[in-house]
Amino acid sequence: MRNSEIAQIFQDIADILEIKGENPFRVRAYHKIVRILETLPEEIEKVCQRGELRNIPGVGEGLAKKIEELLATGKLAYYEDLKKQVPSGLVELLAIPEIGPKTVSLLYKELGINNVRELEKAVKEHRLKDLPGMGPKTEENIRRGIELLKKKQGRMLLGRAYPLAQSIIERLGGLPEVDRISLAGSLRRMRETIGDIDILVASRKPRRVMQVFTELPGVTEILSIGETKSSIIMEENLQVDVRVVEPDSFGAALQYFTGSKPHNIKLREIANKRGLKINEYGVFEIKSGEKISGQTEEEVYATLDLSYIPPELREERGEIEAAQEGKLPHLVELRDIQGDLHVHSRWSDGSDSIRELAEAAGKRGYRYMAVCDHSQSLKVAGGLSVDERWKQIEEIRKINKELKNFRVLAGAEVDIHSDGSLDYEDELLKELDIVIAAIHSGFKQNREIMTGRVVRAMENRFVHIIAHPTGRLLHEREPYQVDVETLVREARRTGTFLELNAFPERLDLNDIHCRQAKEAGVMVALGTDAHHQGQMEMMPYGVATARRGWLEKKDILNTLSLKDLLKRLKG
DNA sequence: GCCGTTTTCGGCCCGACTGTTTTCAGTCG
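Along each chain, residues carry numbers from 1 onward, in the same order as the chain's sequence is written. In the order they appear in the text, chains get letters beginning with A and ligands get numbers beginning with 1. Residue-level local features of this predicted model are given only where pLDDT is at least 70; pairs of side-chain atoms are given and counted only at 80 or more, and the full residue set underlies all totals for whole chains, interfaces and linings. The basis for every side-chain value is the complete set of heavy atoms in the structure, and neither hydrogens nor water enter the calculation.

### Describing the nonpolar core
Phase 1 of the analysis: Working definition of a nonpolar core: buried Ala, Val, Leu, Ile, Met, Phe, Trp, Tyr and Cys residues. They are joined through side-chain atoms within 4.5 Å. Relative accessibility thresholds used throughout: buried, under 20% of the residue-type maximum; exposed, over 50%; partly exposed, between the two (1.4 Å probe, protein chains only). Ranked by size, the top nonpolar core spans 58 residues in total, and within it Ile337, Met369, Val408, Leu422, Leu429 and Leu498 carry the most contacts.
Phase 2 of the analysis: In what follows, a contact means two residues having at least one pair of non-hydrogen atoms within 4.5 Å. With residues up to four places along the chain from it excluded, the contact list for Leu422 reads Val414, Asp415, Ile416, His417, Leu429, Ala437, Ala457, Asn460 and Val463.
Phase 3 of the analysis: Grouped together as the second largest cluster of nonpolar side chains are 49 residues, Ile36, Ile67, Ile99 and Ile113 included.

### Things to note about helix H20 (residues 447-459)
Phase 1 of the analysis: Working definition: helices are DSSP H or I runs of at least four residues, strands are E runs of at least two. Numbering for both runs from the N terminus. How far a helix is expected to stretch is found by multiplying one less than its residue total by 1.5 Å. The end-to-end C-alpha distance of H20 is 18 Å, a good match for the 18 Å that 13 residues give at a rise of 1.5 Å each.
Phase 2 of the analysis: Buried residues of H20: Met450, Thr451, Arg453, Val454, Val455, Ala457 and Met458, and no others.
Phase 3 of the analysis: In this structure, the buried side of H20 is in contact with strand S14 (434-438), strand S15 (465-466), helix H21 (484-494) and strand S16 (497-501).
Phase 4 of the analysis: We call two N or O atoms a polar contact when they sit within 3.5 Å, provided that within protein one can donate a hydrogen and the other can accept it, with sequence-adjacent residues counted only if both atoms are side-chain atoms. If you check the start of H20, you find a side-chain oxygen 3.1 Å away from the backbone N of Glu448, and it comes from Asn446.

### Description of the side chain of His513
Phase 1 of the analysis: Structurally, the position occupied by His513 is in helix H22 (residues 511-520).
Phase 2 of the analysis: You can call His513 buried: its relative accessible area is 16%.
Phase 3 of the analysis: Setting aside chain neighbours within four positions, we find His513 in contact with Thr470 and Val484.

### Looking at the domain arrangement of chain A
Phase 1 of the analysis: Looking at the assigned domains, one finds that chain A contains domain 1 (3-151), domain 2 (156-245), domain 3 (256-324) and domain 4 (334-570).
Phase 2 of the analysis: In this structure, domain 1 and domain 4 have C-alpha centres spaced 41 Å apart. Source of the domain bounds: an automatic or database domain assignment.

### Notes on the protein's contact with DNA strand B
Phase 1 of the analysis: Here a residue is considered near a molecule or strand provided that any single heavy atom belonging to it is located within 4 Å of it. Around DNA strand B, the surrounding shell holds 43 residues, and the nearest of these are Gly60, Thr103, Gly135, Thr228 and Tyr256.
Phase 2 of the analysis: Sugar and phosphate atoms constitute 72% of the interface atoms of DNA strand B, taking the interface as everything within 4 Å of the protein.
Phase 3 of the analysis: Contact distances for DNA strand B include 2.8 Å between a phosphate oxygen and a side-chain N or O atom of Arg26.
Phase 4 of the analysis: In the environment of DNA strand B, a phosphate oxygen lies 2.6 Å from a nitrogen or oxygen atom belonging to the backbone of Gly135.
Phase 5 of the analysis: Among the secondary structure elements, those contributing two or more residues to the surface near DNA strand B are helix H2 (24-39), helix H4 (61-73), helix H7 (101-111), helix H9 (136-151), helix H14 (261-273) and strand S8 (276-279).
Phase 6 of the analysis: Taken together, the residues of the surface near DNA strand B break down into 17 nonpolar, 13 polar and 13 charged. The residue classification treats Ala, Val, Leu, Ile, Met, Phe, Trp, Tyr, Cys and Pro as nonpolar and Asp, Glu, Lys and Arg as charged. All others, Gly included, are polar.

### Some points on the side chain of Asn558
Phase 1 of the analysis: Note that Asn558 resides in the loop between helix H23 (539-548) and helix H24 (562-570).
Phase 2 of the analysis: Given the relative accessible area of 0%, Asn558 is considered buried.
Phase 3 of the analysis: Within the structure, the side chain of Asn558 is placed 2.8 Å from the backbone oxygen of Gly339, a separation counted as a polar contact.
Phase 4 of the analysis: A polar contact of 2.9 Å, which involves the side chain of Asn558, links it to the backbone oxygen of Leu526.

### Quick look at the sheet that holds strand S10 (residues 291-293)
Backbone-to-backbone hydrogen bonds pair the strands of a sheet. The strands run either parallel or antiparallel.
Phase 1 of the analysis: Ordered in space as S8-S9-S10, the three strands form an open sheet in which the pairing is antiparallel. Each edge of the open sheet carries a strand with a single partner, namely S8 and S10. Each strand axis lies, on average, 35° off the axis of its neighbour in the sheet, ignoring direction.
Phase 2 of the analysis: The pairing criterion for strands is at least two bridges between them, as found by DSSP. Sheet topology note: the S8/strand S9 (residues 282-285) ladder contains four bridges and is antiparallel. Within S9, the residue paired with Lys277 across the bridge is Phe284. All axes are obtained by fitting lines to C-alpha atoms, using only the stretch in contact for helices, and the reported angles, taken between N-to-C directions, cover 0 to 180 degrees.

### Things to note about the sheet that holds strand S4 (residues 196-203)
Phase 1 of the analysis: With mixed pairing, five strands are arranged side by side in an open sheet as S2-S4-S7-S6-S5. Both outer strands of the open sheet, strand S2 (178-184) and strand S5 (219-225), are each paired with one neighbouring strand and no more. On average, each strand axis in the sheet is tilted by 20° relative to the strand beside it, whichever way the strands run.
Phase 2 of the analysis: The pairing of S2 with S4 spans six bridges and is classified as antiparallel. Within S4, the residue paired with Ile181 across the bridge is Val201.
Phase 3 of the analysis: Running at roughly 170° to S2, helix H10 (residues 158-173) makes contact with S2, S4, strand S6 (229-234) and strand S7 (238-245) of the sheet.
Phase 4 of the analysis: Here helix H13 (residues 250-258) sits on the sheet in contact with S2, S4 and S7, set at roughly 20° to S2.

### Examining the environment of Gly534
Phase 1 of the analysis: Relative to the helices and strands, Gly534 is located in the loop between strand S17 (524-527) and H23.
Phase 2 of the analysis: For Gly534, a relative accessible area of 33% puts it in the partly exposed group.

### As for the pairing of S17
Phase 1 of the analysis: Burial of S17 is two-sided: the residues Val524 and Leu526 facing one way and the residues Ala525 and Gly527 facing the other way are all buried.
Phase 2 of the analysis: Here four bridges tie S16 to S17, and the two strands are oriented parallel to one another. From the neighbouring strand, Leu498 faces S17, where its bridge partner is Val524.
Phase 3 of the analysis: In this fold, S16 hands off to H22, which returns the chain to S17; that crossover is right-handed. Here the term right-handed applies to a crossover when the path leading from its first strand over the helix to its second strand runs clockwise, the strands being oriented away from the viewer.

### Re the layout of surface pockets
Phase 1 of the analysis: The calculated volume of the second largest pocket comes to roughly 720 Å³.
Phase 2 of the analysis: Only protein atoms enter the 1 Å grid used here. Points where a 1.4 Å probe fits but cannot escape make up a cavity, open sets with protein on both sides within 12 Å along at least five of seven lines make up a pocket, and a residue lines them when an atom lies within 4 Å of a point. For the second largest pocket, the lining is made up of 24 residues, of which Leu40, Pro41, Ile56, Pro57 and Arg317 are closest to its centre.
Phase 3 of the analysis: For the lining of the second largest pocket, the secondary structure elements donating two or more residues are H2 and H22.
Phase 4 of the analysis: At five residues, the largest contribution of residues to the lining of the second largest pocket is made by H22.
Phase 5 of the analysis: Class assignment for the residues of the lining of the second largest pocket results in seven nonpolar, four polar and 13 charged. Grid points are joined across faces, edges and corners, and a volume is the space filled by probe spheres set on the points.

Have a look at this one:
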């Protein structure tokens, strides 16, 4: 059984236990194991085989036994039993905003409602408002909640949400009433997808800020408007929350609203042990109630003897322990990136000439850029025949003679055939400065074949990089069945680099994989996969994902100078 | 359900907001 399947079962258990009104801390224990499983860099089965389940913080005797049972039999008696007690449709009701476990339980007991369809019907017939603890407003809120759930088709891509948030910040930040303003929430942590945009403002005149905010162009609905918090819906059904605090609390509030929740919980536990309390207003001594810090985030962390933890790391994946020991990574920054290692020109399916691309890259401060147009098999993307490729190499050589302080690397994104062979012969590959191998066909192969296919490509000594190694397209296509653990190991063995494709739909490798690569000593190659010059702007999303994967400058191939890069590519 | 240089039992992060109440429960982040 795979980690994601086991995680799904524990998630289900957590939901059922909540509806049953079980001890919330038991529920929390299940939520925690779900998160652990979703981000574990190896299969839990291997951990189990090594007898190390109990070494995972959050896994005690009970969960260890349940995991063992699932791995051994594919089933869990406890879960099967729970499912009999609670109709399956109740869990889906939890997804509706405004509805939590208590309401689900009430609806079921009083009205026999056990799925969304029945709830909609009951709302229409106004059967909810007379239930104990409910009234017409709650009924209306639930109606809107169902509507919202239907409209909101999941989370928005980082690459879409980020510019939107920036434009809001620019508008609000320009107000004289705004002292400070910042992104918060998962967007500040640069998660690959986000549920809503959180913005934090420091101001002594919240009313004015809220007025401007709720009247922004593009606002389609105002969900709530208050002194400290307002929520709106913008076009594309994106929810935006703004919170306003006093300037003195800005740091504590920013820390608090940036999350993640598990990160904050852990931080507060540490604070408690020291007789301190953290909330969004500051760090307080519990006994005296005296405020110790809160103006800046740095202060908040320093009060707990922690070095400052960058937002991208705040996922409770060991960053707090690292901060305690002063062993946080020195994360890579955008300005460390010396060039883009994956762009397409109009020779294949891009829309700009190599010269235009080079000029744009130079303007970004880059020293080099790898033009990696598709290879001959990929006809839909205008893949280059062998002849065309030779001509392109010639053109690039010519362009390089004209350029100063900038180098266009002659590259190719070469298809890996179904059997692992490559789309060009070695005698052509060896003429290229940089060769990226990629899968664009046969997505349905099983795990073993797919993994072996990529490994075979790695074994070709002219292949430098594996492009978008899992092939996922967020919201569109699942990753193909490839064993990343093996890829990382084989990359190390063969001296191959793995790409972190910065395109927002891809972000592939993802953060967890990046960390795996780092730990195995495999360098990551950052490329935007730009198909026109504007798309080179996607690089920050790649850098952010690298940071989420704990990567430092030394872990990334294209932080090297041109000279060092060329040396690495040869060796 | 987990966990322990204050504990193997009794704790487990913290507050805002809303709508329903007349002091609080439920939900959310």
